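Examination of the molecular architecture
In case you want the letters, here they are:
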Amino acid sequence: MNDFVKKVSKKISKLSPEQLERFIYSVNAENDALDSIMESLSSGLLIVDGNFYCFKFNKAAERHLPFKVRLSEQKENTRIWDIIDDDNISSFLKSCASERKTNVSEEFSFTKDDKVHFVTVGIVPLVQKVWNEEGDAFDTNISGSIITVEDITDKRQQEVLLHRMESLAGLTNLAASVAHEIKNPLGAISIHIQLLQKAIKKARSGDGQLPAPKFMENYLSVITEEIDNLNKIVVDFLFAVRPVQANFVLTEPDSLIRKFISFFKPEFSEKHVAVELKLCESSPRLMLDEKLFREVILNLTQNALAAISDRFPEGSSEQGELILESVIKDDTYMLTVADNGKGMDEKTSARIFEPYYTTKATGTGLGLTMVYKIVKEFRGDIDVKSVPGHGTAFTITLPVPQKKTMLLENKSEDIKLLSDEARS
């Protein structure tokens, strides 16, 4: 409400009926203008009072956030976090209310209409003027909060698409080079097979005498086998360079690790390998794909188990150890998977992520290649340090989403939650 309306409202008893009618019309026009402005915004707005009861909102807020009921149908004395159908967003708003935090925002993801949405939810104080009896503003106070909601789904999807295109460009060139190299021996083998087949056919059409089976047919079998091997190399390579299809959501990695390890732990216990978790008390939410992240953890822990088994065979007096430790440092989430297995020398460590490179007799050499690809898809990095005879440590670093906001504590007595006794 503007200053003019405020001043006139103090003298409303002195107005004539015509003046009162114009005054009411002016107030309604101003309210309609404010409503139009709110509805025209692409950002969602939720205006709440000091107890976080929502008394004004726009349609964008209903589009951008998941609600248990329509905002227009909310019950009286229902706090905003009780009608939001997402635990993380509800907890964030409840925390802001209880700790009196303002000018803070956080990024969230949720599934709505079978589609993953990304939003930034922020909260700023609602500042109102204090008027005296003469209609003059002499002070301000904080009477509630404004909750803003920005839909950043398209932005996040574009970032993922751009990252995939950059990765695909390099992999496509590499795949084309390898395919070209493999085509040459495939072509030569095919030509020799045709020549051998013609020689056999010619001999059979003449005197009918053929060389002993081992003279030609065995060579044909070897050539055919080599063709199958080469085809397998091509298929495996294409699998190794195929872009990772990740469905990103914002999730806590440490919670996923605890869940994954509960499934893997029995296998480690059976082989007398101790598993220790040293995870963050409160890990940040990261852009991850749960299935792919599980594949990373599974691959690293299985490699660790194999290395420990090689160093401590069954019946050994010493015990194997696996440690998963996470820390937050410089806006980066760091996860270390360390074991006290047989370890690797420097030469092996340098090639461990290369396709087809393996130290196992039955390994494909693609497991750690996939781990590397997945971590890169998560816009992170992975490093390995190993000492022969002592163990290996893989360290994954993942970026923490930047908020670009400041935390300001609101110490105003005007923003506080009423106790149950006070509300009753």
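Residues numbered from 1 in each chain as written. Predicted model: local features only at pLDDT ≥ 70, side-chain atom pairs only at ≥ 80, totals over all residues. Heavy atoms only, no water.

**Topic: helix H8 (residues 290–311)**
If you check H8, its first and last C-alpha atoms are 32 Å apart, about what 22 residues at 1.5 Å a residue would give, namely 32 Å. Buried within H8 are the following residues: Leu292, Phe293, Val296, Ile297, Asn299, Leu300, Thr301, Asn303, Ala304, Leu305, Ala307 and Ile308. By the N-cap criterion, in which a side-chain oxygen at the helix start approaches the backbone nitrogen of a residue two or three places on, H8 is capped by aspartate 289, the distance to lysine 291 being 3.0 Å. (Helix = DSSP H or I, 4+ residues; strand = E, 2+ residues; numbered from the N terminus. Expected span 1.5 Å × (residues − 1). Buried < 20%, exposed > 50% of the residue type's maximum accessible area, 1.4 Å probe, protein only. Polar contact = N/O pair within 3.5 Å; in protein donor to acceptor, adjacent residues only side chain to side chain.)

**Structural notes on unusual backbone geometry**
The phi torsion at asparagine 103 lies on the positive side, around 50°, for a residue other than glycine. With respect to the helices and strands, the residue asparagine 103 is situated in the loop between strand S3 (101–102) and strand S4 (104–112). Unlike most non-glycine residues, aspartate 330 shows phi in positive territory, near 55°. Residue placement: aspartate 330 occurs in the loop between strand S10 (320–329) and strand S11 (332–339). The exposure class assigned to aspartate 330 is exposed, which follows from its relative accessible area of 67%.

**Looking at the sheet that holds strand S12 (residues 381–387)**
Ordered in space as S8-S10-S11-S13-S12, the five strands form an open sheet in which the pairing is mixed. In this open sheet, the two strands that pair with only one neighbour each are strand S8 (273–278) and S12. Between one strand and the next, the sheet's axes are offset by a mean angle of 15°, whatever the strand orientation. Along the sheet, H8 contacts S8, S10, S11 and strand S13 (391–399); its crossing angle with S11, the most-contacted strand, is approximately 25°. This element, helix H10 (residues 367–377), spans S12 and S13 of the sheet and lies at about 140° to S12. (Pairing = 2+ DSSP bridges. Axes fitted to C-alpha atoms, helices over the stretch in contact; angles between N-to-C directions. Contact = heavy atoms within 4.5 Å.)

**With respect to the pairing of S10**
Both S8 and S10 contribute to a ladder of six bridges, which runs parallel. Note on S10: the bridge partner recorded for alanine 274 is glutamate 321. Linking S10 to S11, which pair antiparallel, is a turn of two residues; within it aspartate 330 sits at a positive phi near 55°.

**Overview of the nonpolar core**
The biggest cluster of nonpolar side chains holds 47 residues, and the ones touching the most others in it are Ile257 and Phe293. Looking at this core element by element, the count peaks at eight residues for H8. Not counting chain neighbours up to four residues away, the residues in contact with isoleucine 257 comprise Leu277, Leu279, Phe293, Ile297, Leu324, Tyr333 and Leu335. In terms of nonpolar packing, the next biggest core, distinct from the first, is built from 25 residues, Val48, Ala61, Trp81 and Phe108 among them. (Core = buried A, V, L, I, M, F, W, Y, C linked by side-chain atoms within 4.5 Å.)

**Comments concerning the pairing of strand S1 (residues 44–49)**
With five of six residues buried, S1 lies mostly within the body of the structure. Hairpin connection of S1 to strand S2 (residues 54–57): four residues between the antiparallel strands, including phenylalanine 52 at a positive phi of 65°.

**Quick notes on the packing of H8 against H10**
Direction vectors running N to C along H8 and H10 enclose 140°, while the axes themselves pass 10 Å from each other. By the angle class used here, H8 and H10 are oblique. In this structure, H8 crosses over H10, and the sense of that crossing is left-handed. Contacts from Leu292, Glu295, Val296, Asn299, Leu300 and Asn303 in H8 reach Gly367, Leu368, Met370, Val371 and Ile374 in H10. Partitioning the contact of H8 with H10 into residue classes produces seven nonpolar, three polar and one charged. (Parallel < 35°, antiparallel > 145°, perpendicular 65-115°, else oblique. Left-handed = near helix turned anticlockwise from the far one by under 90°. Nonpolar A, V, L, I, M, F, W, Y, C, P; charged D, E, K, R; others polar.)

**Concerning the pattern of salt bridges**
Evaluated as defined, the whole model comprises eight salt bridges. Across the pair lysine 342 and aspartate 310 runs a salt bridge, and its minimum N-O distance is 3.3 Å. Residue lysine 342 is found in the loop between S11 and helix H9 (346–351), and its partner aspartate 310 is found in helix H8; the two are separated by 32 residues along the sequence. Here lysine 342 falls in the partly exposed class, since its relative accessible area comes to 38%. By relative accessible area, aspartate 310 is classed as partly exposed at 49%. (Salt bridge = Lys/Arg side-chain N within 4 Å of Asp/Glu carboxyl O.)

**A few points about the confidence of the model for the protein**
Predicted confidence across the protein gives a mean pLDDT of 79, with 76% of residues reaching 70 or more. Long-range and interchain partners of residues 404–424, a stretch whose pLDDT sits below 50, account for 43 contacts in this model, where long-range means more than four residues apart. (pLDDT = per-residue confidence, 0-100.)

**Examining a nonpolar patch on the surface**
A surface patch of nonpolar side chains, amounting to about 260 Å² of accessible area, comprises Leu34, Ile37 and Leu41. Residue position: isoleucine 37 is located in helix H2 (residues 17–40). The exposure class of isoleucine 37 is exposed, given its relative accessible area of 51%. (Patch = residues over 30% accessible without salt bridge, like charges linked within 9 Å, V, L, I, M, F, W, Y side chains within 5 Å. Areas by Shrake-Rupley, 256 points an atom, 1.4 Å probe, with all protein chains shown as cover.)

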